[in-house]
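A closer look at the structure
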Amino acid sequence: MAPDAMRTAAHSLSDARPAPYWLDDPGRPGARPALTGDERCDLLVVGGGYSGLWTALIAKERDPGRDVVLIEGHEVGWAASGRNGGFCAASLTHGLANGLERWPDEIGALEEYGARNLDAIEAAVARYSLDCDFERTGEIDVATQPHQLDELREWHRRTQQLGFTGLEYLDRDEVRAEVDSPTFLGGLLDRRGVAMLNPAKLAWGLKEACLGLGVRIYEHTRGLELVRSGAGTAVRTPYGRVFARDVALGTNIFPSLVRRVRPYTVPVYDYALMTEPLDADQLASVGWRNRQGLGDAANQFHYFRLSADNRILWGGYDAVYPYGGRLDPSLDQRPETFLKLAGQFFECFPQLSGVRFSHAWGGAIDTCSRFSAFFGTAHGGRVAYAAGYTGLGVGATRFGAEVMLDLLSGRGTGRTALRMVRSRPMPFPPEPFAWAGIELTKRSLARADSRGGHRNLWLRTMDRLGLGFDS
């Protein structure tokens, strides 16, 4: 970054609060009391993010008489569910390309399940009056390099041949008529497959909906240990225990109470900035009348969108894996990444020079080697889990909740018959091999971005093995 650009980027960050914008809200609800003593229930849900909240809600919708308890180690929505970019995608497979590569024989069914899942989220937002700024705006993948434009054209042609007609190709003038950046060379528009929302408000709204249906929620109640107890299970907490017939684990990046699941996920730290609200002239300079979400087509990509009050969220690019997979709150703030992101923001939108960032934050998400969720059971089918959403959990966690409830019911469904649901990703190797492999992959992806998309031998080998690393 040139010295002048670095000074501009640094100045834009000088007043940024080191906190997620979405969670820095005066309307944030207070926490429910912690569990003390023993509880008994039909279903215990562990984790108060989207995965757990959707599971509790749908369990009560399916059977209003089911006694459901949810425990959360901190506060509902405080982690990845409350600080993500707010892109709610229909895809269950981290994009059509990833799904087509891994499950070509059932990709049509997976796409249909995903579309119905997003429709169901939209319906739930209306049914429970969830005040979460839900907008079915769609998304544009933009090319900022000539090789990316060629790749988008080829991908559009292939999807049309396969009968997936939801994508529209936009040339340079068409994409800049939607959102104006001198870096945009073209794009692919998905009009219906992605919604924008306020992620923290979605979590808080789901919490209230669960309480309204009779779910008992205990916050600041961490699940410490899971053991068999008669025909069911027992989960020990700091001040008590929960005895349950069935348990659904929605802990994602946090260590699973089923230890054998832990090698299948690793934490990756993702970072984002939020601008101050744009005034009318600033907003007019970028267009963006249709308020779509955007992402660029690089391997190390950015994602960006407008908030309800016309701020721009700008995130992505750096993806930091800490050695040993440790979860460390000190990694939530990374000034060198914020400086890099700010400089890249002004490269994308030079007409917004002078805009300041109000918030800068980061945090861990869970990823697995196939980049999309995996599922399973333990303890004789009395415990179900879902994990590995790799940044696309805003929408896919609702589908995962349905899968966990299907698995716990013991009855086969169309969802549980899917090979995606019945198979698992490859586990990550122990250290130092995990760190070395992830770092080598990240550096190779960065090199590919700078060399016209050319993938070196390491990346081609990872492609053949169905492995890799997605920033």
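These remarks concern the structure in this document. (Residues numbered from 1 in each chain as written. Predicted model: local features only at pLDDT ≥ 70, side-chain atom pairs only at ≥ 80, totals over all residues. Heavy atoms only, no water.)

Leu-43, Tyr-50, Trp-54, Leu-202, Leu-206, Phe-375 and Phe-399 are the most contacted members of the largest nonpolar core, which totals 61 residues. A total of eight residues in this core trace back to one element, the largest contributor, which is helix α11 (residues 393-409). In contact with Leu-206, other than residues within four places in its own chain, are Tyr-50, Leu-53, Trp-54, Leu-57 and Leu-130. Counting 36 residues, the second-largest nonpolar core is a separate cluster that includes Val-286, Leu-306, Phe-338 and Leu-352. (Core = buried A, V, L, I, M, F, W, Y, C linked by side-chain atoms within 4.5 Å. Buried < 20%, exposed > 50% of the residue type's maximum accessible area, 1.4 Å probe, protein only. Helix = DSSP H or I, 4+ residues; strand = E, 2+ residues; numbered from the N terminus. Contact = heavy atoms within 4.5 Å.)

Attention now moves to the packing of helix α2 (residues 50-62) against helix α8 (residues 199-212). When two helices pack together, their arrangement is given by the angle between the helix axes and the distance between those axes. The interhelical angle for the contact between α2 and α8, taken along N-to-C directions, is 30°, at an axis separation of 9 Å. Taken together, the axis directions place α2 and α8 in an arrangement best described as roughly parallel. Note on packing geometry: the crossing formed by α2 with α8 is left-handed. Contacts from Tyr-50, Leu-53, Trp-54, Ala-56 and Leu-57 in α2 reach Pro-199, Ala-200, Leu-202, Ala-203, Leu-206, Lys-207, Ala-209 and Cys-210 in α8. By residue class, the composition of the contact of α2 with α8 is twelve nonpolar, no polar and one charged. (Axes fitted to C-alpha atoms, helices over the stretch in contact; angles between N-to-C directions. Parallel < 35°, antiparallel > 145°, perpendicular 65-115°, else oblique. Left-handed = near helix turned anticlockwise from the far one by under 90°. Nonpolar A, V, L, I, M, F, W, Y, C, P; charged D, E, K, R; others polar.)

Moving on to unusual backbone geometry. Put simply, Glu-431 and Pro-432 share a cis peptide bond, and its omega is 5°. Along the chain, Pro-432 turns up in the loop between α12 (419-422) and α13 (433-450). Positive phi is not limited to glycine here, since His-94 has a value of about 60°. Mapped onto the fold, His-94 is located in the loop between β3 (87-89) and α4 (96-102).

Evaluation of the coordinates by the stated rule reveals 21 aromatic pairs. For the pair Phe-345 and Phe-346, a centre-to-centre distance of 5.2 Å together with 85° between the ring planes defines the contact as edge-to-face. Taking relative accessible area as the criterion, Phe-345 reaches 0% and is therefore assigned buried. Residues Phe-375 and Phe-399 carry aromatic rings whose centres are separated by 6.3 Å and whose planes lie at 75° to one another, so their mutual orientation is edge-to-face. A residue pair is termed long-range when its members are at least 10 positions apart, and Phe-375 in strand β17 (residues 374-378) and Phe-399 in helix α11 qualify at 24 residues. You'll find Phe-375 and Phe-399 in the same group, each marked buried. Members of the aromatic cluster, connected to one another through ring pairs, are Phe-184, Trp-288, Phe-304, Trp-314, Phe-345, Phe-346, Phe-349 and Phe-357. If you follow Arg-398 out to its NZ or CZ, it ends over the ring of Trp-54, 5.9 Å from the centre. (Phe/Tyr/Trp six-rings, centres within 6.5 Å; stacked < 30°, edge-to-face > 60°. Lys NZ or Arg CZ within 6 Å of the ring centre and 35° of its normal.)

A few words now on the environment of Glu-75. With respect to the element layout, Glu-75 can be found in the loop between β2 (68-71) and α3 (80-83). Owing to a relative accessible area of 18%, Glu-75 belongs among the buried residues under this scheme. Sequence separation of Glu-75 and Thr-221 is 146 residues, and the distance between their C-alpha atoms is 9.0 Å. Among residues more than four places away in sequence, those in contact with Glu-75 are Arg-28, Pro-29, Ala-31, Glu-219 and His-220.

What is shown is where atoms sit, not what they do.
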